[in-house]
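Topology and contacts: notes
Below are the chains, spelled out letter by letter.
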Amino acid sequence: MDQLASASALIDKCRPERPVRGLRPHAAGRAARWFLDKFPGDVAYAYKANSSVFLIGALYGAGIRHFDVASLPEIEDAATIPDAHLHFMHPVKSRHAIRRAYDLGVRSFSLDGEDELDKIMEATGGARDLLLWVRVAVTAINSRIPLERKFGAHGEKAAKLLIKTRQVAAELGLTFHVGSQTTTPDAFVTALGEVHRIIVKSGVMIDRLDIGGGFPARYPDSDPAPLQDFMDVILANIETMPVKENIKLMCEPGRALVAEAESLIVRVDARRGSNLYINDGSYGMLFDAAHLGFIFPTRLISRSVDASDPLVPFELWGPTCDSIDHMKGPFLLPDSVREGDYIEIGNMGAYARAIAGRFNGYGEYDEVILLDPPVLSMYGAENTQVAAARG
Ligand SMILES: *Cc1c(COP(=O)(O)O)cnc(C)c1O
C-alpha cells in the first residue's frame, strides 16, 4: 500500500477517481499507548469501531491484546490475532453464536437479563469456566450516542442478576457503557455511583469491573475534556467502591483509539453556492455526518490558498440519487472551493468505514497510508487544527 507524507502529497501525485481512505496507523498506535499507559487494567479495543488490518496491526503493535467483539463474524476475524483475548460483549446473542464463540476459545460473555444467562449456560453445556459480565444501564450524560435505552439491567433487576450470575460464573464482572462520544467526565461519576449502589444492593463480591467505552474524540463542534480528567475521576471513584482492593479493571475504548487514524479524501464534483456535491456521502463513510449531525474537520488539499480566501461554511451532498444523502455541517472550507478540488475530511476513523454500504453502485474506495499528524487530536502536541491549506 502506498505511503504518502500527507493527503495533499497524494493529490500532487494523482487525481483519484474514487474516494480515498487515508489511514494513519501511527495515530491509532499513539492513542493505544496512551490508554495502556494511563489505565491500570486491560484495554480492550471495541472491534466494531474500525477493523482495518492496518489499524488493528498498529493497536496490536502498541500492545493491545484484548478485544471487545459483538458478533460471530467479528469473533472469527479477531480469533486469528495471536494471543488475543476476546470478550463477547453484546448483551443479546444467538445460541449458535455463543456456542461457536465458546468453541473458538471465547470465555468472556456479557448479559443483561436472566434469559440471556440461561441461553449462555445452555449453549455452552453448563460451562464452569466463564467470565460473565452483567451489563447495567447507566444514565447517559453529554453523550452523542446514548445506549442506555437498548441495553443494560436497571437497579433491583441488576442486583438480582448479579446474585444469580455469581452462582454459575467462574469470574463475575460488571460492565456498563456511558454512551459514545461522552464529552465530560461527570458521566462516569454518575455511572460509577449507580454501579456502587447496585453492588451494595446485591451484597455480591465482583471480580472484575469494566468501565466500557464512550471516551471522546475531537471534532470541530466538540471540544471534550482532556482524557486525563476522565481517568482521574474514574480511578478516584473506583477507590471508594465496595469491591476487592485488587479488583481487575477493563475499559473498552473504540472511538478514542481510532477516530484520528483515518481521513476521507473526496473530490468536489459540483459547487452550487454554499453546497458542495462530493463523491462520497451518507451511504458511504458520512453516515454520522448525515444522520447524527457529526461535523468532521475539513481542509482543501488540491491547491494552496492564502488569507484573502477566508474559510466559509458549506453543506455537503453525497453522490447517490437520494435527497437524504446530505451532510448539513457546517463544514469550513476556503471561499474559492470549486469543482475538481479535493478535500480531506479528517477524524473519520471511528465507525465511518464500518458503516459504509454500496447503494447506487458507490462505496468503493482506494486506500493509502498517511504519515502526517491527524487533522485534530486529543493526544500530543498538535492539539489544534493544522492550517486549512497546505504549504
Ligand atoms: C461500541 C461499544 C464500545 C465502544 O464504544 P466507543 O464509544 O466507541 O468507545 C465499547 N463497549 C461496547 C459494549 C460497545 O458496544
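No experiment lies behind these values; they were computed from the predicted model shown. (Residues numbered from 1 in each chain as written. Predicted model: local features only at pLDDT ≥ 70, side-chain atom pairs only at ≥ 80, totals over all residues. Heavy atoms only, no water.)

**Points about the pairing of strand β4 (residues 66–69)**
Side chains of β4 alternate between two faces, with His 66 and Asp 68 and Phe 67 and Val 69 buried alike. Taken together, the 3 bridges between strand β3 (residues 42–46) and β4 define a ladder with parallel strand orientation. Following the sheet pairing, Ala 46 is matched in β4 by Asp 68. Traced from β3 through helix α3 (residues 53–62) to β4, the parallel crossover comes out right-handed. As paired elements, β4 and strand β5 (residues 85–88) share 4 bridges and run parallel to each other. Directly across from Val 69, in β5, lies its bridge partner Phe 88. For the crossover from β4 across helix α4 (residues 72–78) to β5, the handedness is right-handed. (Buried < 20%, exposed > 50% of the residue type's maximum accessible area, 1.4 Å probe, protein only. Helix = DSSP H or I, 4+ residues; strand = E, 2+ residues; numbered from the N terminus. Pairing = 2+ DSSP bridges. Right-handed = clockwise from strand over helix to strand, strands pointing away.)

**Structural notes on the site of the ligand**
Around the ligand sit 13 residues in total, of which Lys 48, Ser 180, Glu 252, Arg 255 and Tyr 351 are the nearest. At 3.0 Å from a nitrogen atom of the ligand is found a side-chain nitrogen or oxygen belonging to Asp 68. Within the contact set of the ligand, an oxygen atom lies 2.5 Å away from a side-chain nitrogen or oxygen of Ser 180. In the complex, 92% of the free accessible area of the ligand, which totals 390 Å², lies under the protein chains. Under a 2 Å grid-point criterion requiring more than half of the atoms, the pocket assigned to the ligand is the largest pocket. For the shell around the ligand, the residue count by class is 3 nonpolar, 5 polar and 5 charged. (Near = heavy atom within 4 Å. Polar contact = N/O pair within 3.5 Å; in protein donor to acceptor, adjacent residues only side chain to side chain. Areas by Shrake-Rupley, 256 points an atom, 1.4 Å probe, with all protein chains shown as cover. 1 Å grid on protein atoms, 1.4 Å probe; cavity = no way out; pocket = protein on both sides within 12 Å on 5 of 7 lines; lining within 4 Å. Sits in = over half its atoms within 2 Å of the grid points. Nonpolar A, V, L, I, M, F, W, Y, C, P; charged D, E, K, R; others polar.)

**Side note on helix α9 (residues 227–239)**
In a regular helix each residue adds 1.5 Å, so 13 residues correspond to 18 Å; α9 covers 19 Å between its end C-alpha atoms and thus fits that length. For α9, the set of buried residues is Leu 227, Phe 230, Met 231, Ile 234 and Ile 238. Looking straight down α9, one finds its buried side chains confined to an arc of 95°; they lie on one side. Where the residues of α9 are buried, they touch α2 (25–38), β10 (180–182), α8 (186–202), β11 (208–210) and β12 (248–251). (Expected span 1.5 Å × (residues − 1). Arc of directions from axis to C-beta. Contact = heavy atoms within 4.5 Å.)

**Thoughts on the layout of surface pockets**
Considering only enclosed or pocket space, the largest pocket measures out at about 630 Å³ in volume. Lining the largest pocket are 29 residues, and of these Lys 48, Leu 147, Phe 151, His 177 and Tyr 351 lie nearest its centre. At the level of secondary structure, the elements contributing two or more residues to the lining of the largest pocket comprise β4 and α12 (352–355). Looking at the lining of the largest pocket residue by residue, the class counts come to 13 nonpolar, 8 polar and 8 charged. Each of two domains, domain 1 (3–23 + 260–390) and domain 2 (26–258), supplies a minimum of three residues to the lining of the largest pocket. Computed from the structure, the second largest pocket encloses a volume of approximately 230 Å³. Taken together, 14 residues form the lining of the second largest pocket, with Ala 84, His 85, Leu 86, Gly 105 and Arg 107 sitting closest to its centre. For the lining of the second largest pocket, the element with the highest residue contribution is β5, accounting for 3 residues. Among the residues forming the lining of the second largest pocket, the class breakdown is 7 nonpolar, 5 polar and 2 charged. (Points joined across faces, edges and corners; volume = space filled by probe spheres on them. Domains from an automatic or database assignment.)

**So, the side chain of His 177**
As for its placement among the helices and strands, His 177 is situated in the loop between β9 (171–175) and β10. Overall, His 177 belongs to the buried group, its relative accessible area being 16%. A polar contact of 2.9 Å, which involves the side chain of His 177, links it to the backbone nitrogen of Gly 179.

**Focus: the domain arrangement of the protein**
The domain architecture assigned to the protein consists of domain 1 (3–23 + 260–390) and domain 2 (26–258). On a C-alpha basis, the centres of domain 1 and domain 2 stand 32 Å from each other. Contact residues are listed per partner, giving 31 residues for domain 1 and 28 residues for domain 2. In total, domain 1 and domain 2 occlude about 2,500 Å² of area from one another, counting both sides; carbon and sulfur atoms represent 62% of this. Of all residues in domain 1, Tyr 351, Met 378 and Tyr 379 give up the largest surface area on contact with domain 2, accounting jointly for 32% of the area buried on that side. Across the contact surface, domain 1 and domain 2 share 1 salt bridge. Here Arg 30 and Glu 260 are joined by a salt bridge, their closest N and O atoms 3.9 Å apart. Elements with a contribution of two residues or more to the side of domain 1 that touches domain 2: α12 and β19 (366–370). With 3 residues, β19 is the single largest residue contributor to the side of domain 1 that touches domain 2. Split into classes, the residues belonging to the side of domain 1 that touches domain 2 amount to 18 nonpolar, 7 polar and 6 charged. (Buried area = accessible area lost by both parts, 1.4 Å probe. Salt bridge = Lys/Arg side-chain N within 4 Å of Asp/Glu carboxyl O.)

**With respect to the packing of α2 against α9**
Where α2 meets α9, the closest approach of the two axes is 11 Å, and the angle between their N-to-C directions is 25°. It follows that α2 is roughly parallel to α9 by the angle criterion. Here α2 and α9 pass one another in a crossing that is right-handed. For the pair α2 and α9, contact is made by Trp 34, Phe 35 and Lys 38 and by Leu 227, Gln 228, Met 231 and Leu 235, respectively. Here the contact of α2 with α9 is built from residues that sort into 5 nonpolar, 1 polar and 1 charged. (Axes fitted to C-alpha atoms, helices over the stretch in contact; angles between N-to-C directions. Parallel < 35°, antiparallel > 145°, perpendicular 65-115°, else oblique. Left-handed = near helix turned anticlockwise from the far one by under 90°.)

**Section: empty space enclosed by the protein**
Scanning the model with the defined rule gives 2 cavities of 30 Å³ or more in all. Lining of the largest cavity is provided by Asp 280, Gly 281, Tyr 283, Gly 284, Pro 319, Thr 320, Asp 325, Gly 357, Arg 358, Phe 359, Tyr 362 and Gly 363. Residue composition of the lining of the largest cavity, grouped by class: 4 nonpolar, 5 polar and 3 charged. Every residue along the wall of the second largest cavity is listed here: Arg 135, Val 136, Ala 137, Val 138, Leu 147, Glu 148, Phe 151 and His 177. Looking at the lining of the second largest cavity residue by residue, the classes come out as 5 nonpolar, 1 polar and 2 charged.

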